[in-house]
Amino acid sequence: MPVACFQRDDLSGCAAKGASERSGGAVFSHFDQIKTVNNVFLLYKYHIFEIDVSKSQWSKYNIIRISKFIKKVILLIIKRIMIVVLIFFLALGCSEKESIRTGTANNNYTGMQFVENHSMENSNPDDPNRPDRWNYNNWGNNSTTFYYLNHGHSGKRSVKIEVAEYEDGDSKWFFNPIKLEPRDYVFSNFYRSNVDTRVVVAITTNTGNIEYIDWPNAPASKLWRKYEAAFSMPEHGETATVYHLLSKKGYLITDDYNIKPYQYEGLNQAMVTITFDDGWEENHRTALPIMQKYGFRSNQFYATTFIEDPWVSNPKELIQPFIDAGHEIGSHSITHQYLTKLSEEEMIEELEESKSYLEDYLDIRIEYFASPYGAYNTSVSKEIKNHYNAHRTVDSGYNSKDNFDVNRLKCMSILSTTTKSEVEDWVRKAKEENLWLILLYHRIADNPNQYDTTPELFAEHMQVINEKGIPVVTISEALAQIDIQ
Ligand SMILES: [Zn+2]
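For every chain, the first residue of its written sequence is number 1, and the numbers climb from 1 along that sequence. Only residues with pLDDT of at least 70 get local features here, since the model is predicted, and only at 80 or more are side-chain atom pairs given and counted; chain-wide, interface and lining totals rely on the full set of residues.

Draft legend 1. Representation of the sheet that holds strand 13 (residues 250–261). DSSP-based pairing: two strands are paired if at least 2 bridges between them are found. Put simply, DSSP marks the helices as runs of H or I at least four residues long and the strands as runs of E at least two long, and each gets a number from the N terminus on. Ordered by their spatial adjacency, 5 strands build an open sheet running 4-5-13-8-11, and the pairing between neighbours is antiparallel. Because the sheet does not close on itself, it has two edges, and the strands there are strand 4 (142–149) and strand 11 (221–232). Neighbour to neighbour, the strand axes of the sheet diverge by 25° on average, direction disregarded. Pairing of strand 8 (residues 184–193) with strand 13, which is carried by 8 bridges, proceeds in the antiparallel orientation. Counted as the bridge partner of Phe190 is Asp255 from strand 13. Note on method: axes are straight lines fitted to C-alpha atoms, helices fitted across the in-contact stretch only, with angles between N-to-C directions ranging 0 to 180 degrees.

Here it is, written out as structure tokens:
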């Protein structure tokens, strides 16, 4: 993800300029003070000399001249003190302005280091085979060796995981969880690997639960490669760590972990898109009328095997009302499998045939794809791009100017536990920062499973969106809007 470096450079430039101006000011005022002292001294010397010369002719005239001189000196000193005080307050004002800018500018947090021993240079005093404040573990059936290497991306150390045998589970090195305030952050590290690897944020909540945010896989790279992704620390989050993990046979070397506060760079306009995955038959009866009440249109992603399910009668009759009301239809594959686990041939078939099936069956164009389980890697991503104009992932986050990728659209997943106020916070943030918020729903029904929502909660979400006055757009409308920016 490009992190608005020009801003950072700009600002460090500004800060450097400000500092030199300030120190320039200080030098100038110091020089001025010297000049002031010299002036007084010169005046004094001159007048002493005059007094000396005129000692024999001491007169009223000289007393007046001396008192005039003292008055002049006092006025000069007062004037100089006032200038010094003025310069001091101006410098104070500037430094305040500077720090406010630092606080709000994009990613201008140079020098802030949230991950302790981030480059793993210091070994653990009690265990020389691991970096201080770092740990490793693995679970499942795999044979893993953990190494603390004597070379790295920067400095002299890094860590390596080598999985010789793999059946299931994963293996990872991770830094001790760190306390983070609720806000957005950007994580980065450097890695080398001979296979695709996974990256997951683990957030420990104030109730002691651990919530995981899955990020896109880090593609295999035998040369050092930077991985970067943004995440939001929730209000109920206490600490966080990041697992860059290996869940297959291969190796992974990592170094230089970093977490910094992050601010999205806004688009020209805030937008919300409502998406639904799978094609649950209840939704035409539960979700559709609620959306119609507000004139909202959504994107519906169908796994075509569900349409052909013999238990669902007249599936076209359940899809057509969405099409008639202006909602967009997209593909969610044929069989709803992890595309990353299929052969290339099977994966391409899932992409191609779900599209042609929907196009024939519904007599419309299918342009967008949502990956089942949000599972994709480099080759899946490439094939999706070959067949569709956009790919909605389940990568958590907002779509902004700095991270926009039509082949990796981010979204916020609605779970049965998602509250009205959470949705309200997301919408507020999107509106305030001009972000494109995509919501992901599954089934809207009275007996919700983990990824479902009740009709009551869904109605509350739609009401919140309506009240906030944020434009609700389909993916086509959002892309058209972004195109003109
Ligand atoms: Zn799905």
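On we go.
Draft legend 2. Spatial organisation of unusual backbone geometry. The backbone of Ser333 shows a phi angle near 80°, a positive value even though the residue is not glycine. Here His336, not a glycine, exhibits a phi torsion of approximately 55°, which is positive. One can find His336 in the loop between strand 16 (328–331) and helix 6 (344–362).

Draft legend 3. Fine view of the packing of helix 6 against helix 7 (residues 378–387). The interhelical angle for the contact between helix 6 and helix 7, taken along N-to-C directions, is 30°, at an axis separation of 10 Å. As the angle between them shows, helix 6 and helix 7 are arranged roughly parallel. Handedness of the crossing formed by helix 6 with helix 7: right-handed. Within the contact between the two elements, helix 6 uses Glu344, Met347, Ile348, Leu351, Glu352 and Lys355 and helix 7 uses Ser379, Val380, Glu383, Ile384 and His387. Charged means Asp, Glu, Lys or Arg here, nonpolar means Ala, Val, Leu, Ile, Met, Phe, Trp, Tyr, Cys or Pro, and polar covers whatever is left, Gly included. Looking at the contact of helix 6 with helix 7, its residues break down into 5 nonpolar, 2 polar and 4 charged. Roughly parallel means an angle under 35 degrees; roughly antiparallel means over 145; roughly perpendicular covers 65 to 115; every other angle is labelled oblique. For any helix crossing, the convention is left-handed if the near helix is rotated counterclockwise from the far helix by under a right angle, and right-handed if that rotation is clockwise. Throughout, a pair of residues is in contact if the C-beta atoms placed from their backbones lie within 7 Å.

Draft legend 4. Highlighting the confidence of the model for the protein chain. Looking at any residue, its pLDDT shows the predictor's confidence there, from 0 to 100. Put simply, the protein chain has an average pLDDT of 81, and 77% of its residues get 70 or more. Across residues 1–57, where pLDDT falls below 50, the model places 45 contacts with residues more than four positions away in sequence or in other chains. In this model residues 86–110 is a low-confidence stretch, pLDDT under 50, and it forms 31 contacts with partners more than four residues away in sequence or in other chains.

Draft legend 5. Quick peek at the nonpolar core. For this analysis, nonpolar core means a set of buried Ala, Val, Leu, Ile, Met, Phe, Trp, Tyr and Cys residues linked through C-beta atoms within 7 Å. We call a residue exposed when 12 or fewer other C-beta atoms sit within 10 Å of its C-beta, buried when the count reaches 20 or more, and partly exposed for counts in between; the C-beta positions come from the backbone. If you look at the biggest cluster of nonpolar residues, it comprises 57 residues, and the most contacted ones within it are Val272, Ala430, Leu435, Trp436, Leu437, Leu439 and Leu440. When sequence neighbours within four positions are dropped, the list of residues in contact with Val272 reads Val427, Ala430, Leu437, Leu439, Ile465, Ile470 and Val472. Counting residues in hydrophobic clusters, the runner-up holds 32 residues, among them Val201, Ile203, Leu245 and Ile259.

Draft legend 6. The arrangement of helix 7 in detail. By the burial criterion, the buried members of helix 7 are Val380, Ser381 and Ile384. Projected down its long axis, helix 7 shows its buried positions confined to an angular sector of 100°, all on one face. Within helix 7, the exposed residues directed more than 90 degrees away from the buried face are Lys382 and Asn386. Turning to helix 7, the residues buried within the fold contact helix 6, strand 17 (368–370) and strand 18 (390–396). Regarding the arc, it is the one traced by the directions from the helix axis to the C-beta atoms.

Draft legend 7. Helix 8 (residues 420–433), seen in detail. Expected helix span is taken as 1.5 Å per residue step, with the number of steps being one fewer than the number of residues. Over its 14 residues, helix 8 runs 20 Å from end to end, which matches the ideal 20 Å to within 8%, given 1.5 Å per residue. What helix 8 keeps buried is the set Val423, Trp426, Val427 and Ala430. What you see down the axis of helix 8 is that its buried residues fit within an arc of 95°, all on one side. Among the exposed residues of helix 8, those oriented more than 90 degrees off its buried face are Ser421 and Glu432.

Draft legend 8. Fine view of the environment of Ser298. With respect to the secondary-structure elements, Ser298 resides in the loop between helix 3 (283–294) and strand 15 (299–302). Owing to 24 C-beta atoms within 10 Å, Ser298 belongs among the buried residues under this scheme. Taking the C-alpha atoms as reference, Ser298 lies 7.5 Å from Val473; in sequence the two are 175 residues apart. Excluding residues within four positions of it along the chain, Ser298 makes contact with Ile274, Thr275, Phe276, Met291 and His327.

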